[in-house]
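# Examination of the molecular architecture
Listed below are the residues making up each chain.
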Amino acid sequence: MDRFSIPSYARTALDRLTAAGHEAWLVGGCVRDLLLGRVPGDYDVTTSALPEETEGVFAGERLIETGLRHGTVTVVLEGCPLEITTYRVDGTYADARHPDQVTFTRSLREDAARRDFTVNAMAYHPDRGLWDGFGGRADLEKGLLRCVGDPETRFREDALRILRAVRFASVLGFTLEPATAEAARRTAPLLGQIAPERLSAELTKLLCGPGAGTVLGEYPDILGALIPELGPMVGFDQRNRHHCHDLLTHTAAAVDNIPPDPALRLAMLLHDVGKPETFSLGEDGQGHFYGHAKRSVELADAILRRLRYPNHLREKAVTLIRFHDAPLTPDPRPIRRWLNKLGEETFFDLIAVHRADTLALAPAYHSRTAELDRVEALARDILAEAPCLTLRDLAVDGHDLMALGYAGPALGAALRSLLDGVLEGDLDNTRQALLAALEREGR
Ligand code: ATP
Ligand code: MG
């Protein structure tokens, strides 16, 4: 029998339900992850106990009832919240997302049958071992995502499952079983009915998975149902010597080339989304994309707003897109300017964006990353010197200038011009040098 170590609060919950005469199992994602040797994100319990029976078993513990309508009671044990859901069968779905009603059942099999994929429909109990009514384990070993039941029916019931399928494919490195894949492609337009917040939550996980680029390349129609702007990128020939890939393939490679952080991955996904609209063919037969970064910024901003991404994430992604093809030269002066403009963290992220983009070009151009390494090393040297990068860091301040008779806009302008001098390397950031410079300017 399989034996997995599970946290004591989860074991306690199973034991207390069992002692009260109910069936109780761990279920879903945690069982899948235990079998894969991954650390489960959370543990879910499924039980024959009705919600009020569960509440009776855990009377005296902290209970959270937000999921009660769907049969879920959250119990806080040893400080850890645990979702305990009554075995249930979902009713009909009018809106491709929410079951119109849920019906409780006393059968684990019926509960498992409503779950999305066979690998998510297994249950585990430390004394009874694995319950696998739908072949989840065999699919797990083959790395396959297969709907429980008829895939088209399941995707029509709840279109979010389409995106969950490709999200799991990316995160777990799995493939979709052929009938599931075909149904997912066919029903992808139904994703239009799903709330944007739910779509973006799945999209972020998908993009941060190790198989993101592969999924993008294989299922552009599913991603395109969320972001129609990706459509024209599919198979788009850039007609440019730097590129050996069509635009979507280049994009997929760029996504894979950057660390799995949501803002960075979204920036790579959308960095060239303005290219199809800005394409022109030069006299030399080369494709050009003048102004594409600006157009990508406009489109990305609209896309990320539509998907209700938080402002800070959208702003960061858009900033990186805006400068994704700006020149980064290994020279301290422009690097000080970049650090002044973007701040340390975003500037290093921008270098990562350039590197990811470069490594998605034709192989002959990959060696250009050596220059980015120099930019990065120089930036680190500059930062190590406790540099002056903002007005706050200047060795003189507004009070010093007021004492010299400066006031109003002239004072601000004088400070800014001193900072310019320091960033350019023309002035030392010392009180003496800065005051002398003011004097030289005759003010
Ligand atoms: P994660 O690692 O993201 O938590 P998970 O499989 O646990 O993955 P959850 O969203 O936490 O995903 O859902 C828990 C379980 O509930 C799933 O494993 C699956 O059995 C079931 N489930 C979740 N969403 C759906 C859905 N839309 N349709 C059918 N079953 C679902
Ligand atoms: Mg989960």
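See above for the structure.
Summarised in this report is the structure supplied together with it. Computed from a prediction, not measured in an experiment: that's the story for all the values here.

### Description of the site of ligand 1
Within the structure, ligand 1 sits among 14 residues, and Arg32, Asn120, Asp158, Arg161 and Arg167 are positioned closest to it. Within the side chain of Arg115, a nitrogen or oxygen atom sits 3.1 Å from an oxygen atom of ligand 1. Here a nitrogen atom of ligand 1 sits 3.1 Å away from a polar atom, N or O, in the main chain of Asp116. Relative to its unbound accessible area of 580 Å², ligand 1 is 76% covered by the protein chains. Elements with a minimum of two residues in the shell around ligand 1: α2 (29-36) and α7 (160-172). The residues that make up the shell around ligand 1 include at least three from each of domain 1 (1-142) and domain 2 (143-226).

### Let's talk about the packing of α7 against helix α9 (residues 196-207)
One can describe the packing of α7 onto α9 by two numbers: an axis separation of 8 Å at closest approach and a directional angle of 15°. Relative to α9, the element α7 lies roughly parallel. Handedness of the crossing formed by α7 with α9: left-handed. Contacts between α7 and α9 pair Leu160, Leu163, Arg164, Val166, Arg167, Ser170 and Val171 from the former with Arg198, Leu199, Glu202, Leu203, Lys205 and Leu206 from the latter. Broken down by class, the residue content of the contact of α7 with α9 amounts to 7 nonpolar, 1 polar and 5 charged.

### Things to note about the pattern of salt bridges
Using the criterion set out here, one finds 40 salt bridges in the structure. In this structure, Glu61 and Arg16 form a salt bridge, with 3.0 Å as the shortest nitrogen-oxygen distance. Placement of the pair is Glu61 in the loop between α3 (51-57) and β3 (62-64) and Arg16 in helix α1 (residues 8-19), with a sequence separation of 45 residues. For Arg16, a relative accessible area of 28% translates into the label partly exposed. Glu298 serves as the salt-bridge partner of Lys294, at 3.7 Å between the closest nitrogen and oxygen. A residue pair is termed a helical-turn pair when its members lie 3 or 4 positions apart in one helix, as Lys294 and Glu298 do in helix α15 (residues 292-306) at 4 residues. Since its relative accessible area comes to 60%, Lys294 is described here as exposed. Exposure remark for Glu298: the relative accessible area of 37% places this residue in the partly exposed category. If you follow the salt bridges from partner to partner, you end up with Arg333, Arg337, Arg416, Asp420 and Glu424 in one network.

### Observations concerning the pairing of strand β1 (residues 24-27)
Of the two faces of β1, both are covered, the one formed by Ala24 and Leu26 as well as the one formed by Trp25 and Val27. Across 4 bridges, the pairing between β1 and strand β2 (residues 44-47) is antiparallel. When the sheet's bridge partners are listed, Val27 is paired in β2 with Asp44. As paired elements, β1 and strand β8 (residues 123-125) share 2 bridges and run antiparallel to each other. Along β8, the bridge assignment pairs Leu26 with Tyr124.

### Focus: the side chain of Thr86
Topologically, Thr86 is positioned in strand β5 (residues 80-86). Since its relative accessible area comes to 1%, Thr86 is described here as buried. Setting aside residues no more than four positions away along its own chain, Thr86 makes contact with Thr47, Ser48, Ala49, Leu50, Pro51, Gly71, Phe104 and Asp111.

### Considerations on unusual backbone geometry
For Glu78, which is not glycine, the phi dihedral falls at a positive 50°. Relative to the elements of secondary structure, Glu78 occurs in the loop between β4 (72-77) and β5. We classify Glu78 as exposed; its relative accessible area is 53%. Despite not being glycine, Arg308 has its phi angle at roughly 60°, a positive value. Considering the arrangement of structural elements, one finds Arg308 in the loop between α15 and α16 (311-322).

The rules behind these values
Residues numbered from 1 in each chain as written. Chains lettered and ligands numbered in written order. Predicted model: local features only at pLDDT ≥ 70, side-chain atom pairs only at ≥ 80, totals over all residues. Heavy atoms only, no water. Near = heavy atom within 4 Å. Polar contact = N/O pair within 3.5 Å; in protein donor to acceptor, adjacent residues only side chain to side chain. Areas by Shrake-Rupley, 256 points an atom, 1.4 Å probe, with all protein chains shown as cover. Helix = DSSP H or I, 4+ residues; strand = E, 2+ residues; numbered from the N terminus. Domains from an automatic or database assignment. Axes fitted to C-alpha atoms, helices over the stretch in contact; angles between N-to-C directions. Parallel < 35°, antiparallel > 145°, perpendicular 65-115°, else oblique. Left-handed = near helix turned anticlockwise from the far one by under 90°. Contact = heavy atoms within 4.5 Å. Nonpolar A, V, L, I, M, F, W, Y, C, P; charged D, E, K, R; others polar. Salt bridge = Lys/Arg side-chain N within 4 Å of Asp/Glu carboxyl O. Buried < 20%, exposed > 50% of the residue type's maximum accessible area, 1.4 Å probe, protein only. Pairing = 2+ DSSP bridges.

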